[in-house]
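Chain by chain, the residues run as shown.
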Amino acid sequence: MAALVTITLPDGSKKEAEAGISVVDFVKNHIGPGLAKAAVFARGNGQDVDLARTLDADASLQIFTSKNPEALEVTRHDAAHIVADAVQQLFPGTQVTIGPVIEEGFYYDFSREKDGKPAPFSPEELEAIEKRANEIIAKDVPFKRTEISSEDAVKLFEAKGEKFKVEIIHDIVARGAKTLTLYTHGDWVDFCLGPHGPSTAKVGVIKLLSASGAYWRADQTKAQLQRIYGISFFDKKGLDAWSKQREEAAKRDHRRLGRELDLFHFHPYSPGAAFWTPKGTSLYQTLSDWMRRLTREDGYVEIKTPLLFNKNLWMKSGHWDKYKENMFLVQDSDSGELDYSLKPMNCPSHHVYYGFGKHSYRELPLRLHTQDVLHRNEAAGALGGLTRVRQFAQDDAHIYCREDQIADEVFRFVKLLDRVYNAVGLKYEAKLSTRPEKRLGSDDLWDRAEAALKDTLEKMNVAYELKPGDGAFYGPKIDFVVSDSIGRKWQLGTMQLDYIAAERFDLTYVGDDNKEHRPVVLHRAIFGSFERFIAILIEHFAGIFPAWLSPTQAVIVTVADRQDEHAKKVVAALNAKGFRVEFDDRGMSMQKKIREAEIGKVPFILVIGDREVEGNAVAPRRHGGEDLKSMSVDAFAELLAKEAAIP
RNA sequence: GCCGGUGUAGCUCAGCUGGUAGAGCACCUGAUUUGUAAUCAGUAGGUCGCGGGUUCGAUUCCCGCCGCCGGCCCCA
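Anyway, here's the lowdown on the structure attached to this text. (Residues numbered from 1 in each chain as written. Chains lettered and ligands numbered in written order. Predicted model: local features only at pLDDT ≥ 70, side-chain atom pairs only at ≥ 80, totals over all residues. Heavy atoms only, no water.)

### What to know about empty space enclosed by the protein
Under the definition given, this model contains 1 cavity of 30 Å³ or more. As a volume, the largest cavity reaches approximately 90 Å³. Lining the largest cavity, in full, are L261, L263, K279, G543, F545, S550, P551, T552, G600, K601 and V602. Each residue belonging to the lining of the largest cavity can be placed in one class, and the counts come to 5 nonpolar, 4 polar and 2 charged. (1 Å grid on protein atoms, 1.4 Å probe; cavity = no way out; pocket = protein on both sides within 12 Å on 5 of 7 lines; lining within 4 Å. Points joined across faces, edges and corners; volume = space filled by probe spheres on them. Nonpolar A, V, L, I, M, F, W, Y, C, P; charged D, E, K, R; others polar.)

This is the structure we're talking about:
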């Protein structure tokens, strides 16, 4: 009689089975054939494994089916293999590199050349690949896992002429691996850790999304690769739902809404710099005023500094060395040399400002806030909408404080940021970047700085991702990241500690020991940039802004033009109270005006007919159609005041 | 900057294989004065992104440039 192993299931129940049984057979025999059929992969003792793996010792076991999001990730990895197979079937000689699962789908990077030059995949070729990939799915080819010695692996992939794979194997071997796992389906073989699903059919349906260029190991000096992005779903229903969701997301795209709601324009005369319409400017200004108030209340002072500086400042700050590529250089007409630059950041000028006076430890922390316009010469291919521009303004501030004040200041900042994001309902992720290998300052200093950031995040209950080694050489940082409507992530807020700025600019304060000390500089922003923040807000609200942000808070529509005189008085009265109300007196039907105001996403439409004229009233209708009863102008003003209150 | 796609009226788009362009909406004019998502009619609007080339002739084919879009890199 074979030895028995005890398998513990997630509900705590235990089953005995003969040792050496495969996971799938165990499930079929001891749980149920339905689950065995639906299973994609298993987690045994916390490790993800294939269904064909054997159970040789007591273990805990969890089965994942298409109902689990984890399974979708596994089949998307399967899908990447299938796409690579399809590519090599259709385009022999194409080399494979890597093909990871990403947040939305997967990609696979190929090296494909024609006449010694990189040969991108055309849209037609992509279609053919997608077709072939789905044919491979239909063939229901099983995935098979084998282990192989690293020497054999090198031989295998060298024989195939897969030099990128060989390079990866060498790296893995260098890290100490003796054996590699191979996964094959049909004739196609790749090595990877797995797990994979039982067969290609489990993948469901593959949709290829786009092709683009990438570089081997993300290095521009290395080989140019062809990346294919794709996504897979267990069935067509899932794909359709995703496509529909994508269409909905496209409707929220801030570039589209910017046009539809008449908020901003771009022109080739100044790529990456927006023209703001009156409505867009209102939005911008509302946010600016809000941030001014918040920072003032939080102990900041606002200053303005020059927009243009000569290169002496940039040499001192280090920008001339490290950031010149991204600066717009300006010619001094007398010397004829490009020795001025539009400022790309506020920090150097703030440091100069700090240096104007002598500072006592008693006046720290000094919090300098500035909303000046900045220019950065971003790569042409990087520009896009309002999220990546060349001209923008940050809600920037630099806090000069004593080292013992860092923790308080970081905490105070995250509290303010959290308040701002909550006020507009934005969900954010935090990323804590810690000391890089090359750095300035003692380990002791870094310990305390990182602890200050970490403690704050934990005290505030902010979930964060740790990015070890990702900090700047002059200090650790927290970045606050928000997603746009199509899932791209953008950094908005940031809190960055800086231990060298004070040194470079010879900034000091006089301590209670009557000696000079170096302050620590904290770079921080909440919106990040007004431009990017507005883009995110537009998408977040789908253009339907809360009344306090909405450029137009109410539109007045009269039933007939004999009420126009009264409407004008109402507009004047409401605007006199500080509201942003418009009277639509164009010669078109009331229905049409209401429709346009609805499409324009105005929070309130105020209808005025004879009844309203008589009672000095308005009949408000909310965006979306909710009809409020006719009410006095004063009553509406009160309602609007409540809803348009700035948080 | 790199790879790919793309660029026709203010907007959304149509325009087989080359023969100097159309629609809807918006704008403008006129009529209509209406109670909660499109009143009717008419007029007008484009050197087809820009510059070269091929051709008897280019929106259409080729080259270069610019912008935009999706990625890469980078970043607020």
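Read on for the rest.
### Details of the protein's contact with RNA strand B
The environment of RNA strand B is made up of 57 residues, and the closest members are S212, R388, V389, K592 and R595. Put simply, 56% of the atoms of RNA strand B that lie within 4 Å of the protein are in sugar or phosphate. In this structure, a sugar or linking oxygen belonging to RNA strand B sits 2.9 Å away from a side-chain N or O atom of Y229. Taken together, the elements giving at least two residues each to the surface near RNA strand B come down to β16 (205-215), β17 (224-233), α8 (254-260), β31 (489-498), α18 (590-599), α19 (610-615) and β38 (617-622). For the surface near RNA strand B, the leading source of residues is α18, giving 7 residues. Classifying every residue of the surface near RNA strand B by side-chain character gives 21 nonpolar, 17 polar and 19 charged. (Near = heavy atom within 4 Å. Polar contact = N/O pair within 3.5 Å; in protein donor to acceptor, adjacent residues only side chain to side chain. Helix = DSSP H or I, 4+ residues; strand = E, 2+ residues; numbered from the N terminus.)

### Points about the nonpolar core
Counting 60 residues, the largest nonpolar core has Y421 and F533 as the members making the most contacts within it. In terms of residues, this core owes the most to one element, helix α13 (residues 406-424), which gives 9 residues. (Core = buried A, V, L, I, M, F, W, Y, C linked by side-chain atoms within 4.5 Å. Buried < 20%, exposed > 50% of the residue type's maximum accessible area, 1.4 Å probe, protein only.)

### Section: helix α7 (residues 236-252)
Taking 1.5 Å as the rise per residue, α7 with 17 residues should run 24 Å; its terminal C-alpha atoms sit 25 Å apart, in good agreement. Three or more residues of α7 are buried, namely L239, W242 and A249. All buried residues of α7 project into a common sector of 80° when viewed along the axis, lining one side. Turned more than 90 degrees away from the buried face of α7 sit K236, K237, K244 and E247, all of them exposed. (Expected span 1.5 Å × (residues − 1). Arc of directions from axis to C-beta.)

### A short note on the packing of aromatic side chains
How two aromatic rings sit relative to each other is given by the distance of their centres and the angle of their planes. Under the definition given, this model contains 26 aromatic pairs. Plain terms: the ring middles of Y353 and F356 are 6.0 Å apart, the flat faces sit at 80° to each other, and that makes the pair edge-to-face. Taking relative accessible area as the criterion, F356 reaches 67% and is therefore assigned exposed. Look at F541 and F545: their rings are 6.1 Å apart centre to centre, the planes differ by 70°, and that puts the pair in the edge-to-face class. Lying across the ring of F411, K459 places its NZ or CZ 4.4 Å from the centre. (Phe/Tyr/Trp six-rings, centres within 6.5 Å; stacked < 30°, edge-to-face > 60°. Lys NZ or Arg CZ within 6 Å of the ring centre and 35° of its normal.)

### As for the environment of R376
Its place among the elements puts R376 in the loop between β25 (373-375) and β26 (391-393). A polar atom in the side chain of R376 sits 2.8 Å from the backbone oxygen of P344.

### Focus on the environment of C401
Its place among the elements puts C401 in strand β27 (residues 396-401). For C401, a relative accessible area of 0% corresponds to the buried category. In the structure, C401 is positioned 244 residues away from F157 in sequence and 58 Å away in space, judged by C-alpha atoms. Apart from residues no more than four positions distant in its own chain, C401 is found in contact with L364, P365, I406, E409, P519, V520 and L522. (Contact = heavy atoms within 4.5 Å.)

### Here we look at the layout of surface pockets
In this structure, the largest pocket spans a volume of roughly 1,100 Å³. Lining the largest pocket we find 38 residues, and of these M345, R376, Q394, Y474 and Q496 sit closest to its centre. Sorting the residues of the lining of the largest pocket by element identifies α11 (319-322), α12 (347-354), β27, β30 (477-483), β31, α15 (501-504) and β34 (520-525) as the ones contributing at least two each. Here the lining of the largest pocket gets 5 residues from one element, more than from any other, and that element is β31. Of the residues in the lining of the largest pocket, the class split is 14 nonpolar, 13 polar and 11 charged. Two domains each put at least three residues into the lining of the largest pocket: domain 3 (276-305 + 344-541) and domain 4 (308-342). Looking at the second largest pocket, its volume works out to about 600 Å³. What lines the second largest pocket is a set of 16 residues, among which E104, R246, I486, G487 and R488 lie closest to the centre. The set of elements that each furnish at least two residues to the lining of the second largest pocket consists of β16, β17 and α7. Looking at the lining of the second largest pocket residue by residue, the class counts come to 7 nonpolar, 4 polar and 5 charged. Shared between two domains, the lining of the second largest pocket takes at least three residues from each, and those domains are domain 2 (70-234) and domain 3 (276-305 + 344-541). (Domains from an automatic or database assignment.)

### Focus on the sheet that holds strand β14 (residues 179-185)
Strand order in this open sheet of 3 strands is β13-β14-β15, and the pairing throughout is antiparallel. Strands at the two margins of the open sheet, each flanked by one partner only, are β13 (143-149) and β15 (188-191). In this sheet, adjacent strand axes meet at a mean angle of 30° when their direction is disregarded. Judged from the 4 bridges that link them, β14 and β15 form a sheet pairing that is antiparallel. (Pairing = 2+ DSSP bridges. Axes fitted to C-alpha atoms, helices over the stretch in contact; angles between N-to-C directions.)

### Some details on the side chain of Q394
When you line up the elements, Q394 lands in the loop between β26 and β27. With relative accessibility at 15%, the residue Q394 sits in the buried group. Apart from the residues within four sequence positions on either side, Q394 is in contact with N346, T370, Q371, D372, L374, R376, G528, S529 and F530.

### Re the pattern of salt bridges
The tally for this structure, following the rule as stated, stands at 46 salt bridges. Here the residues in one salt-bridge network are D50, R145 and E147, joined through shared partners. (Salt bridge = Lys/Arg side-chain N within 4 Å of Asp/Glu carboxyl O.)

Read these as layout, nothing more, since geometry by itself doesn't imply function.
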